[in-house]
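A look at the structure
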Amino acid sequence: MFRNIGYALKNSWAADPTRAILDFCVKFFFRAYVVFYNVFFLGYVLNMIENNADTTYIWFLVGISIFAMVSYDGLAAWYYNTYKPYADQNVKKKYKKMIYKKAAAVDLEYYENPEFYDIYTKASSEITVRFDQVLSDVSELIVGILVNGYLFITIFELDRFAAVICFFPIFIKNVVGRNLNAEKFRLYTENVDANRRKDYIQRTVYLKEYSKEIHTSNIFQLMSDKFRCASDELIANISRYGVRIAVWDFLNSASVNVFTYFIAIMYASYRALVTQTLSVGEYIILINAIARLSGMLVEFVDRGISLHESAKHVGNIQSFLNMASSLDTGVRAVADKEVSGIAFENVSFSYPGQTRLSLRNVSMHVNAGEKIAIIGLNGAGKTTLIKLLLRLYDVSEGKISVNGINIKEYQLDEYRNLFSTVFQDFKIYAATVAENVVLDTETGMEDSIDSALQNSGIYPYLYERYGNAARERILTKEFDDNGLVLSGGQFQKIAIARAFMKSGGIAILDEPSSALDPLAEQEMFHNLLSACEDKIVIFISHRLTAAALADRIYVMQDGAVAEYGTHEQLMENKGTYYHMYIRQNKKFENGEAANE
Amino acid sequence: MNKKKTGFIANNLFMLKEVMDIIPLYAVFLLSLTVARALINAYLNVYLIKYVVDAIQSREAYETVFFHVVIAMTLFILQKACESIFNNIGAPRMKQRLNYKMQLSLFEKGKELDIENYDKTDFYNDFVLSMSSADTKAIEVIDTINDLLYNIISIFAMVTLIASIDITGLVFALVNVVAAYFLNIRTARVNYKKNLELIPPGRMETYVGRIFYLPEYAKEIRMSNIKKVLLRDLDDSIEETRSIIKKYARELTILNFSNYGFFRTFLMRGVYLIIIVYKLVISKTITFGSFMALFKGSWEFKNSIEAIINIVPRLVDNSLYIDKYKAFRMKKSTIRENSGDDPLPGQAAEIVFRNVSFRYSDESPYILKNVNLCIRPGEKIAIYGLNGAGKSTLIKLLLRLYPVSAGEILLGGKNINCYSLNEYYHYIGVIFQDFRLFAFSIAENVLLDSYDPSEEERIKELLAYVGFGDKYERTQRGVTSAVSREFDREGINFSGGEQQKIALARTIARDYSVVVYDEPASALDPISEYEINKAIWLSSKDKTVICISHRINTNVKADRTIYMREGQVVENDEELEAIYQIS
């Protein structure tokens, strides 16, 4: 725990030391102000009056106090309205970048792991809160020790028994509070399942995406039944736990006041009236001091608990930031952007945590400038093959080499930079058209961007509407209400333009034409093959007429290469490819396929 | 001004009444507990303190003081006990019931709403989406009213006390409050302007966070330098935020200091205190107890007034939401209201599009232009067309999701609007291009209705028919296995292709007379695609089938092929024929 606290303090301090110091000072002055004003100020004034002190002395005390309090208000106004919000932004930026850089560096497989997501979600939402929370808790605890200590000594000098009373609430809070939280937590745990179901329905019903199904079917009735069941379950749970929670809640909320207020008054009155050992001024100081001190002690303990909590969360953030990547980057620089060959040698692969092999003993050779199509049924391992080539995962067995060198030896970022990739689930970013094609901050490539857009077939559309400004138009309405929203097919064309950008290297396209109509698809493949003459192009497609254009076709089946060759060779072989081709392109009345 | 005021109060009362209709006891208990709490707190914080301090000064008998305190304590304990019971048993149960009843009736309303309301982003975000928090907002309305009540009682108690001792406290408190009121208004205005300016950089910042977070972006982030673009955007947005903060910092600091430093500390804690100390010491017009009571009471009085001032914007805020709530409730469904309730024909009947045109609004361009099309009973029609030609729109009109802008669609010689809407959807079944599965069981997803165990065999047959495979059979729960883990922790995740097959089973599960497919095989490999197509056409026998696809073999069994181009239907189109390789 202390290590976590240290870690948080270190980060908070590193982010902005001035802010850390000022934060402590403001908190200290605030506590001092509150205690002074509520406990001592009145009492002192009344004491002086009772003791017939010199009135100028009274006015002097009042004057100084008011001046000090107004000064604090000035400091706080400046700190909370000018200094802190401004400084916080920079600190937040530093924290966020730590998270993002880590997220961009960890293994891709983590993204398929729910536990990683738990850690990530928590770390990213809490890094901006928790480090500062720890700093603030530690400041408050130190301030608490100073101020509470002073108060305690004051009360102790006035009355030892009263000093003891102040500690009662802590014990009550501790025992009762623990039971209360345990019961509430039990209820919460029982409710998790029903709450999730209820939230799901409440969310789905209002979502646009589901509205058509809900309108045109009976599913609504089913949903409302399930909604009612979940709701009934929640009510039953409340009835089951409610009484116990109510009892503990009552003890928790009433008992503290009973001690710090009623019993304190009874006791102080006893001393003032029966033993006659308290003046009116002391009487007021005493009852106010008991109320304040016991209140602040409870707060002090809460701070401790909150610090303990924060430390746990900090541990979580720390484990995220220290997450290791299993893909070691090599040291070899990528000497040549021209790729002369890719070779898969007996590559096998299974996804982490799975025993089933997703790829079995795959061998494959690609020469400079070749155009390769990979086809196969859903789940045959096509996309996995691509992921291995891109080093998003490492092979379990065998070896992949580029230009004759095992890809693990290359410097990872440089190696990945060889590829221009269009994924099946490509993404469009809320950035300019140019940035969406370049995917980098580099500028000065207007001509190649235009020709890439030309080749992917979207240029005429953009140019016609926006002229030369088209490249600088922001895509999506994410944070620009004038942002450009295009159809799925048009967005796909912008993504495809990425493959045309880099000269040399390797272009990879995973199902690049799924959202295109046949006309656009034909054009796109035609351009791809002509514009990428000097590049290796590897594409996955379900459309076999497109695959037929490739120099070589690899047919994947159950994680292995079933057959490969040119379209003509494969048609002659009458193997898997032949059957697929026939089925996709012939009517089933004529041809063999219909007879099966 | 006056009109607006009655408006927001009436709105809040309207919501109060909505809640009272569902959980009448909630407000009754809550408000009576609040009255008790306000009175007891006023008594404990001020009256009792005045009493004991005076008693000490005048040397009352200890027993009297003790007795007094015990009575107060008993009242306090009773009040806390009632609150605990209500807060932990009664209130959560009632809130749960409110959530259920209120949401259910909103769900129903939403279901009846015309689909076009979901297309209008503003209306959708403002009115549809925000209804998911209707019941929490309703409780907020009651809480606001409750706070108002608490502070009104508290003010009465303080005024009564202070007026009986010395009126200056009220004057000071009021001056303070009036100043605070104007300063707060000014602050709120500045903050409003500031926050408005902060929205765009804030959106950019959130966006960057989301991109790094979402798994679907992870590959591209690793394969490209887009992260540089994103981090630059983050830098820019923070810089912009900082400059906006800086711009307003000075004014906000001054406002804050005037409010707290000058009016609160200097005036209330300083000058007023000097006055009552003077009265206590020099003019000796008040007792120690009264001094304490004034000191605390004027403070409580000020806090309550300030609280009430702050409650007003909350009421206005609530009122804005309630306007949306009312608008959502009042929203008419044109399609439903114009719907007749004629029974559907017993079997597949002729469908005729007669001069049908459609556009989303009066300003937008026509998506369908003068479409004429006649589909004979039991005919199988294939529709081809490039992206954006109007194919899906044609389907939506036939499904009565949108009203035609001109012309009419006839089924069995009658306008489709004459038929009962619910029965219509039993007559005509559809798989949308962007179909959705629900996180319920496989069986429920196929039936889109509740499932009875006696139907198990039929469901299995249907799944086998569409080539779904047996992944689910290996699980303990078979066809009752849930789809995805969103609803049921033991659910199974299915691939895109498997999901498409479940969706396809829907059209076969019911005995529809007309079935519409929009790109039914887009996520499938050639072999599954082939299987599916066989299933579609074989199951359709005497049904009317309308099928949209880019793939030639999907439609090979069609009796007739039609083409769509720029919102119009053409029977022959050589260019499209060539593109789709139809010979």
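Structural notes, computed from the coordinates. (Residues numbered from 1 in each chain as written. Chains lettered and ligands numbered in written order. Predicted model: local features only at pLDDT ≥ 70, side-chain atom pairs only at ≥ 80, totals over all residues. Heavy atoms only, no water.)

This next bit is on empty space enclosed by the protein. Over the atoms rolls a probe the size of a water molecule, and in doing so it shows where empty space is left. Summed over all chains, the structure comprises 10 cavities of 30 Å³ or more. Of the pockets and cavities examined, the largest cavity occupies roughly 130 Å³. Along the walls of the largest cavity sit 14 residues, with Thr216(A), Ser217(A), Val430(B), Leu448(B) and Tyr512(B) positioned nearest its centre. Counting residues per element, the ones that place at least two in the lining of the largest cavity are α7 (208–216) of chain A together with β6 (428–431) and α16 (496–509) of chain B. No other element matches β6(B), which puts four residues into the lining of the largest cavity. Along the lines of polarity and charge, the residues of the lining of the largest cavity split into eight nonpolar, four polar and two charged. Counted as a void, the second largest cavity has a volume near 90 Å³. Around the second largest cavity, the lining residues are Arg31(A), Glu140(A), Gly144(A), Asn148(A), Met296(A), Glu299(A), Phe300(A) and Arg303(A). At the level of elements, α4 (114–158) and α9 (280–321) of chain A are the ones that each hand at least two residues to the lining of the second largest cavity. For the lining of the second largest cavity, the element with the most residues is α9(A), which contributes four residues. Taken together, the residues of the lining of the second largest cavity sort by class into two nonpolar, two polar and four charged. (1 Å grid on protein atoms, 1.4 Å probe; cavity = no way out; pocket = protein on both sides within 12 Å on 5 of 7 lines; lining within 4 Å. Points joined across faces, edges and corners; volume = space filled by probe spheres on them. Helix = DSSP H or I, 4+ residues; strand = E, 2+ residues; numbered from the N terminus. Nonpolar A, V, L, I, M, F, W, Y, C, P; charged D, E, K, R; others polar.)

In this section: the packing of aromatic side chains. In this description, a pair of aromatic rings is defined by centroid distance and the angle of the planes. Inspection of every chain in the model, using the stated rule, returns 58 aromatic pairs over all chains. When the ring of Phe440(B) is compared with that of Phe487(B), the centres are 5.1 Å apart and the planes differ by 85 degrees; the resulting orientation is edge-to-face. Residue Phe440(B) is located in the loop between β6 and α14 (442–447), and its partner Phe487(B) is located in the loop between α15 (456–465) and α16; the two are separated by 47 residues in the primary sequence. Neither Phe440(B) nor Phe487(B) differs from the other in exposure class; each is buried. The structure contains a cluster of three or more aromatic residues connected by ring pairs, namely Tyr110(A), Tyr111(A), Phe116(A), Tyr120(A), Phe320(A) and Tyr213(B). Stacked on the ring of Trp299(B), the Lys or Arg Lys302(B) has its end atom at 5.1 Å from the ring centre. (Phe/Tyr/Trp six-rings, centres within 6.5 Å; stacked < 30°, edge-to-face > 60°. Buried < 20%, exposed > 50% of the residue type's maximum accessible area, 1.4 Å probe, protein only. Lys NZ or Arg CZ within 6 Å of the ring centre and 35° of its normal.)

Moving on: the interface of chain A and chain B. The partner chain B presents 157 residues to the 150 residues of chain A that form the contact. For the pair chain A and chain B, the two sides together bury roughly 14700 Å², of which 67% comes from carbon and sulfur. Joining chain A to chain B, the criterion identifies 11 salt bridges. Between Lys96(A) and Glu205(B) there is a salt bridge, and its shortest N-O distance comes to 2.9 Å. Taken together, chain A and chain B are joined by 44 residue pairs in polar contact (both at pLDDT 80 or more). Counting residues per element, the side of chain A that touches chain B draws most heavily on helix α8 (residues 219–274) of chain A, which supplies 32 residues. Split by residue class, the side of chain A that touches chain B holds 80 nonpolar, 33 polar and 37 charged. (Contact = heavy atoms within 4.5 Å. Buried area = accessible area lost by both parts, 1.4 Å probe. Salt bridge = Lys/Arg side-chain N within 4 Å of Asp/Glu carboxyl O. Polar contact = N/O pair within 3.5 Å; in protein donor to acceptor, adjacent residues only side chain to side chain.)

A few words now on the packing of helix α7 (residues 168–213) of chain B against helix α9 (residues 226–281) of chain B. Residue and element names in this part refer to chain B. Between α7 and α9, the shortest axis-to-axis distance is 9 Å and the interhelical angle comes to 170 degrees. Comparing the axis directions of α7 and α9 gives the class roughly antiparallel. Partitioning the contact of α7 with α9 into residue classes produces 29 nonpolar, 10 polar and 12 charged. (Axes fitted to C-alpha atoms, helices over the stretch in contact; angles between N-to-C directions. Parallel < 35°, antiparallel > 145°, perpendicular 65-115°, else oblique.)

What follows concerns unusual backbone geometry. Positive phi, close to 45 degrees, is recorded for Asn346(A), a residue that is not glycine. Locating Asn346(A) in the fold gives a position in strand β1 (residues 341–349). In the Ramachandran plot, Asn370(B) falls in the positive-phi region, its phi being about 50 degrees despite a non-glycine side chain. Looking at where Asn370(B) falls in the secondary structure, it is placed in strand β2 (residues 368–375). Classification of Asn370(B) by relative accessible area gives partly exposed; the value is 46%.

All right, on to helix α16 (residues 518–531) of chain A then. With 14 residues, α16(A) should cover 20 Å at 1.5 Å per step; its first-to-last C-alpha distance of 20 Å lies within 8% of that length. Residues of α16(A) that are buried: Pro518(A), Ala520(A), Glu521(A), Met524(A), Phe525(A), Asn527(A), Leu528(A) and Leu529(A). (Expected span 1.5 Å × (residues − 1).)

Below, the discussion takes up the layout of surface pockets. In this structure, the second largest pocket encloses a volume near 1300 Å³. Residues that form the lining of the second largest pocket fall into these classes: 26 nonpolar, 12 polar and 11 charged.

Under the counting rule described, the total for this entry stands at 53 salt bridges over all chains. A salt bridge links Arg477(B) to Glu490(B), with the nearest nitrogen and oxygen atoms 3.0 Å apart. Separated by 13 residues along the polypeptide, Arg477(B) in the loop between α15 and α16 and Glu490(B) in the loop between α15 and α16 bring together distant segments of the chain. Using a relative accessible area of 58% as the deciding quantity, one classes Glu490(B) as exposed. One continuous salt-bridge network, built from bridges that share partners, spans Arg31(A), Asp137(A), Glu140(A), Glu299(A) and Arg303(A).

Our focus in this paragraph is the sheet that holds strand β2 (residues 359–367) of chain A. Residue and element names in this part refer to chain A. With antiparallel pairing, four strands are arranged side by side in an open sheet as β2-β1-β4-β5. Every other strand in the sheet has two partners, leaving β2 and β5 (405–406) as the edge strands with one partner each. Judged from the five bridges that link them, β1 and strand β4 (residues 397–402) form a sheet pairing that is antiparallel. Its bridge partner lying in β4, Ala343 is registered against Ser401. Sitting on the sheet, helix α10 (residues 382–389) is in contact with β1, β2 and β4, with an inclination near 120 degrees to β1. (Pairing = 2+ DSSP bridges.)

Residue and element names in this part refer to chain A. Of note, Lys535 is situated in the loop between α16 and β8 (536–540). There is no salt bridge for the buried Lys535, and the closest opposite charge comes from Asp534, which lies 6.3 Å off by N-O distance. Separated by 2.6 Å, the side chain of Lys535 and the backbone oxygen of Ala499 make a polar contact. (Lys, Arg positive; Asp, Glu negative; His and termini not counted.)

Turning our eyes to something else, we now look at the sheet that holds strand β5 (residues 414–415) of chain B. Residue and element names in this part refer to chain B. The strand order across the open sheet formed by four strands is β2-β1-β4-β5, and the pairing between neighbours is antiparallel. Of all the strands in the sheet, the pair left with one neighbour each is β2 and β5. The pairing of strand β1 (residues 351–358) with β2 spans five bridges and is classified as antiparallel. Within the sheet, the bridge partner assigned to Phe358 lies in β2 and is Leu368. With respect to the sheet, helix α12 (residues 391–398) is in contact with β1, β2 and β4 (406–411), its orientation differing from that of β1 by roughly 115 degrees.

On the surface, Asp336(A), Glu338(A), Glu533(A) and Asp534(A) cluster together into a patch of negative charge. Tracing the backbone through its elements, the reader meets Glu338(A) in the loop between α9 and β1. (Patch = residues over 30% accessible without salt bridge, like charges linked within 9 Å, V, L, I, M, F, W, Y side chains within 5 Å. Areas by Shrake-Rupley, 256 points an atom, 1.4 Å probe, with all protein chains shown as cover. Charge placed at Lys NZ, Arg CZ, Asp CG, Glu CD.)

Now for the packing of helix α1 (residues 2–15) of chain A against α4(A). Residue and element names in this part refer to chain A. Axis separation between α1 and α4 bottoms out at 8 Å; the angle between their running directions is 105 degrees. As judged from the angle between their axes, α1 and α4 are roughly perpendicular. When α1 is examined against α4, the residues Ile5, Tyr7, Ala8, Leu9, Asn11 and Ser12 are found in contact with a partner set consisting of Phe131, Asp132, Val134, Leu135 and Val138. Of the residues belonging to the contact of α1 with α4, the class tally is eight nonpolar, two polar and one charged.

This brings us to the side chain of Glu370(A). Residue and element names in this part refer to chain A. Note on placement: Glu370 falls in the loop between β2 and β3 (371–376). The class for Glu370 is buried, based on a relative accessible area of 15%. For Glu370, the side chain forms a polar contact with the main-chain nitrogen of Asn367, separated by 2.7 Å. Beyond its immediate sequence surroundings of up to four residues, Glu370 is in contact with His365, Lys535, Ile536, Val537, Asp551 and Arg552.

As a further point, take a nonpolar patch on the surface. A contiguous nonpolar patch, built from Trp59(A), Ile274(B), Tyr278(B) and Ile282(B) and spanning about 350 Å² of accessible area, is present on the exposed surface. Looking at the element boundaries, Trp59(A) is found in helix α3 (residues 55–105).

What follows covers the pairing of β1(B). All names here are of chain B. Counting buried positions over the eight residues of β1 gives six, a clear majority of the element. By the bridge criterion, five bridges tie β1 to β4 in an arrangement that is antiparallel. Considered in β4, the bridge of Arg354 is made with Glu408.

Interpretation in functional terms is not warranted from these geometric data alone.
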